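Residue-level structural notes
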Amino acid sequence: MTVREDLRSAVDRLRPAVEPVARALHADPETAEEEHRSVDRLVGLLATHGFEVDRAAGEPTAFVARAGSGGTRVALCLEYDALPEIGHACGHNLIAGAGALAALALAELTEELDLTVLAVGCPAEERGGGKIPLIEAGVFADVDLAIMVHPVPDGIRLDPRGTSSQAIGQFLATYTGRAAHAAAAPHLGRNTTDAVVVAEVALALLRQQVPADHRLSANVVRSGSVPNVIPDHATIELECRAWTTEEYEALRTRVVRCLEAGALATDCELTVEPVGRPYHPLLQDDLLGALWCEALTALGLDPAAGVPLAGGSTDMGNVSHVVPALHPWVRLPGVTESLHSAGFAVAAATDAAYEVMTTAATAMAWTVAAAVADPDRVSALRARRHELYETSTSRR
Ligand SMILES: [Zn+2]
Ligand SMILES: [Zn+2]
């Protein structure tokens with residue numbers, strides 16, 4: 001049997017162990033930094049199949065599971081956080097399932113391929129950037145390649161080469177005012193809801209004065225409680241995005257000015273705190289991208305068909321700045337609902353979705369095997385990693 005056939009039959013054989021775990025993640029969604037039961041399920045699965053698990057990976061809901069001790073080290077990134085209220089509307093149950101399935105299949109060939117397989121449990125992708133502390137803890141040091149796959153609606157082009165994701169920063173703005181009786185002494189109040197209104201208006205006006213591909217969004221987390229008290233406390237959670245880090249930083253400066261306008265107009269105080277750290281734009285590795293497309297073609301999929309994904313951000317971007325990385329997409333057939341919608345959450349748990357998860361696992365395992373089986377490719381990946389390391393240290 002060829003390596004491809006071995007991996008494909010391993011994926012098929014292991015699917016009955018992995019799919020129930022992915023289904024359980026979907027049925028019991030946990031949000032960023034709260035993914036305790038999800039981690040228990042994934043760690044249990046990996047440990048049962050002989051992986052050595054380190055749960056002290058720098059964050060309470062992160063983990064690193066290792067199989068083999070070969071000279072080429074590959075990381076499969078597993079995400080498993082859900083969104084508040086709408087659950088697995090980003091399909092991270094499929095990301096975790098595909099990553100675990102590919103890792104388990106590759107683990108059977110560690111000697112033949114001289115591999116160390118790392119299944120890296122990456123929490124808090126939706127909010128806070130859980131991969132960033134993992135990078136800083138050295139989890140990706142000496143890793144030759146990192147890969148994960150993300151589900152998307154139907155019609156998206158699958159060839160990841162030349163695509164990216166947007167830099168994003170998330171932050172919390174808090175206004176503090178002065179409470180007062182809304183009828184007896186409104187002139188003594190300093191109204192934080194008014195500060196929010198001014199800021200929202202300024203942000204809405206700003207949207208037409210920035211490039212069309214910039215994104216800024218705000219959600220009022222809390223503002224006052226009852227109409228007969230002038231509110232003295234308000235919190236907004238914001239994020240802004242652009243295709244380069246420089247553009248993102250310039251946008252952030254302008255967004256903060258809109259927030260300051262609210263404080264200035266209402267005589268309230270403003271504090272702005274970051275939520276985690278900014279995500280870098282994604283650098284898709286060309287060599288891995290080519291191997292991924294070859295794998296898809298061999299599985300009967302056309303990587304060139306469809307339209308590019310319009311936007312979005314991922315902390316895999318930060319990983320891609322230290323390790324050659326690939327973050328491709330897999331389409332859920334017939335699904336038109338947007339990511340981050342209740343409809344997509346439903347679509348991420350159908351039989352067809354788990355079929356896609358299995359195909360994605362095979363394609364990832366094949367991509368990794370094709371990269372590591374060829375010494376020239378391993379050398380090219382190491383040269384690229386060195387280049388990334390030089391760039392990231394010179395930036396500090
Ligand atoms: Zn998402
Ligand atoms: Zn996602």
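Residues numbered from 1 in each chain as written. Chains lettered and ligands numbered in written order. Predicted model: local features only at pLDDT ≥ 70, side-chain atom pairs only at ≥ 80, totals over all residues.

What to know about the sheet that holds strand E8 (residues 215-223)
Our working definition: We treat two strands as partners when DSSP finds at least two bridges between them. A run of H or I in DSSP counts as a helix once it spans at least four residues, and a run of E counts as a strand once it spans at least two, with each numbered from the N terminus. Under this scheme, a helix contributes an axis fitted over its contacting stretch, all axes are lines through C-alpha atoms, and angles between N-to-C directions fall in the 0 to 180 degree range. By definition, residues are in contact whenever their C-beta atoms, placed on the basis of the backbone, come within 7 Å of each other.
The four strands are arranged E8-E9-E7-E10 in an open sheet whose pairing can be described as antiparallel. The sheet is open, and its two edges are formed by E8 and strand E10 (269-279), each paired on a single side. When strand polarity is set aside, the average angle formed by the axes of neighbouring strands in this sheet is 15°. Helix H6 (residues 192-207) rests against strand E7 (167-176), E8 and strand E9 (233-242) of the sheet, and its axis sits at about 170° to E8.

A short note on the sheet that holds strand E2 (residues 63-67)
Strand order in the open sheet formed by six strands is E1-E2-E4-E3-E5-E11, and the pairing between neighbours is mixed. The open sheet is flanked by strand E1 (52-54) and strand E11 (325-326), the only strands paired with a single partner. Sheet topology places E2 next to strand E4 (residues 115-122); five bridges connect them, and they run antiparallel. Across the sheet, the residue bridging to Ala67 is Val117, located in E4. Where helix H2 (residues 36-48) meets the sheet, its contacts fall on E1, E2, strand E3 (72-79) and E4, and the angle it forms with E2 comes to roughly 10°. Docked against the sheet, helix H11 (residues 351-372) engages E3, E4 and strand E5 (145-147), running at close to 170° with respect to E5.

Observations concerning the domain arrangement of the chain
Many analyses report the size of an interface as the accessible area lost when the parts associate. For clarity, the threshold we go by: Each domain span listed reflects an automatic or database assignment of domains. Put simply, Ala, Val, Leu, Ile, Met, Phe, Trp, Tyr, Cys and Pro go in the nonpolar bin, Asp, Glu, Lys and Arg in the charged bin, and everything else, Gly too, in the polar bin.
According to the domain assignment, the chain contains domain 1 (3-165 + 282-395) and domain 2 (167-278). A straight line from the C-alpha centre of domain 1 to that of domain 2 covers 35 Å. Contacts between the two partners involve seven residues from domain 1 and, on the opposite side, nine residues from domain 2. Its residues assigned to classes, the side of domain 1 that touches domain 2 shows one nonpolar, five polar and one charged.

Things to note about the packing of helix H8 (residues 286-298) against H11
As a reminder of what qualifies: Relative orientations are named as follows: roughly parallel for angles under 35 degrees, roughly antiparallel for angles over 145 degrees, roughly perpendicular for angles from 65 to 115 degrees, and oblique for any other angle. The hand of a helix crossing depends on one turn: near helix anticlockwise from the far one by less than a right angle means left-handed, and clockwise means right-handed.
Contact geometry of H8 with H11 gives a least axis separation of 9 Å together with a crossing angle of 130°. As far as their axial angle goes, H11 and H8 are oblique. In terms of crossing hand, the pair formed by H8 and H11 is right-handed. Along the contact surface, H8 presents Leu288, Leu291, Trp292, Glu294, Ala295 and Leu296, while H11 presents Ala363, Trp366, Thr367, Ala370 and Ala371.

Concerning helix H3 (residues 92-107)
Defined as follows: Here the expected length of a helix is defined as 1.5 Å per residue gap, with one fewer gap than residues. The burial label depends on the number of other C-beta atoms within 10 Å of a residue's C-beta. Counts of 20 or more mean buried, 12 or fewer mean exposed, and intermediate counts mean partly exposed, with C-beta atoms placed from the backbone.
With 16 residues, H3 extends 22 Å from end C-alpha to end C-alpha; this agrees with the ideal 22 Å at 1.5 Å per step. Burial within H3 is extensive, with 16 of its 16 residues counted as buried.

A word on the environment of Leu309
As for its placement among the helices and strands, Leu309 is situated in the loop between H8 and helix H9 (316-320). Its 18 C-beta neighbours within 10 Å are what place Leu309 among the partly exposed residues. Sequence separation of Leu309 and Asn219 is 90 residues, and the distance between their C-alpha atoms is 24 Å. When neighbours within four sequence positions are excluded, Leu309 is seen to be in contact with Val152, Ile156, Thr163 and Trp329.

Regarding the pairing of E4
Where burial is concerned, most of E4 is hidden: eight out of the eight residues are buried. Neither face of E4 is left uncovered, since the one carrying Leu115, Val117, Ala119 and Gly121 and the one carrying Thr116, Leu118, Val120 and Cys122 both have all their residues buried. Bridge count between E3 and E4: eight bridges; the pairing is parallel. Pairing of Arg73 across the sheet is with Thr116, part of E4.

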